[in-house]
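Working through the structure, step by step
For reference, the chains in residue letters:
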Amino acid sequence: MSSGALRLGRAASAFAGLSYAFSGFFVVSVVFTMIIAAAAWLPWLLACIEMVVRKQEEKGDVAYSPIPYVLGGAVVLGMQALAGHPEIVVITLLVAAFYSLVRLLILWRRIGALGRVARLAGWLLALVVIGLALEAIQIIPLFELVSTSFREGRPATIR
C-alpha cells in the first residue's frame, strides 16, 4: 500500500518525514522556533503542487479543476507567513517554483498538450497569488515596522 503524495510505501514516507524533521537545518535552528514553524509547511506545499500535476496526469486528455489543492496550497502559504519568518517564505517560494517547473516539464513530455500544462501553470500561479494575499495580514504590518526600524539603514526618529 502506498502512502503520501509521492505514492511511496509507508516505510519510505516515514523515513522521508524523519529525515526532513531531523535534518541539519532543523537541528541547528532548534532555538529559532519561528524558522522551524515556517519551514515545517514546505512539504505540505510541495504535496499540493504534486497533487495538482498528478491529477492532470491521471485524467490525461480531460481537463479537471484543481481548486481544492490550489486553495489548500494557498492556505499553507498563508499559515507559513504567520510563523513570522519571511525569509523562509521566500525560500519556500523558490523551492516551490523550481519543483513546479520540473513537474510541469515532465507532464508536458508525457501528455504533450502545452495548453493543459499552461493551464496548470496558471492554477499554480493562482495558488501563489492567493497565498500571498492571505499572507498580507502578516507581511504588510511587517514592512511597515521595518520601514521605521533602525535596521532599515537610516537613523530612527523618535515620534
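Keep in mind that what you see is a predicted model, and the values were worked out from it rather than measured.

Describing the overall build of the chain
A tally of regular secondary structure across the chain gives seven helices and two strands. When its helices and strands are written in sequence order, the chain yields β-β-α-α-α-α-α-α-α. Summarising its shape, the C-alpha atoms of the chain cover approximately 65 × 35 × 20 Å along the three principal directions. The proportion of buried residues among the 159 residues of the chain is 30%. Contacts in the chain between residues far apart in sequence, at least 24 positions, make up 66% of those at least 6 positions apart.

Things to note about the packing of helix α6 (residues 86-111) against helix α7 (residues 114-147)
Taken N-terminus to C-terminus, the directions of α6 and α7 make an angle of 170°; their axes are 10 Å apart at the nearest point. On the basis of their axis angle, the class for α6 and α7 is roughly antiparallel. Within the contact between the two elements, α6 uses Pro86, Val89, Leu93, Ser100, Leu104, Leu107, Trp108 and Ile111 and α7 uses Leu114, Arg116, Val117, Leu120, Ala121, Leu124, Val128, Leu132, Glu135, Ile139 and Leu142. Looking at side-chain class alone, the contact of α6 with α7 contains 16 nonpolar, one polar and two charged residues.

Rules of the game
- Residues numbered from 1 in each chain as written.
- Predicted model: local features only at pLDDT ≥ 70, side-chain atom pairs only at ≥ 80, totals over all residues.
- Heavy atoms only, no water.
- Helix = DSSP H or I, 4+ residues; strand = E, 2+ residues; numbered from the N terminus.
- Buried < 20%, exposed > 50% of the residue type's maximum accessible area, 1.4 Å probe, protein only.
- Contact = heavy atoms within 4.5 Å.
- Axes fitted to C-alpha atoms, helices over the stretch in contact; angles between N-to-C directions.
- Parallel < 35°, antiparallel > 145°, perpendicular 65-115°, else oblique.
- Nonpolar A, V, L, I, M, F, W, Y, C, P; charged D, E, K, R; others polar.

It is worth stressing that arrangement in space is one thing and function is another; only the former is reported here.
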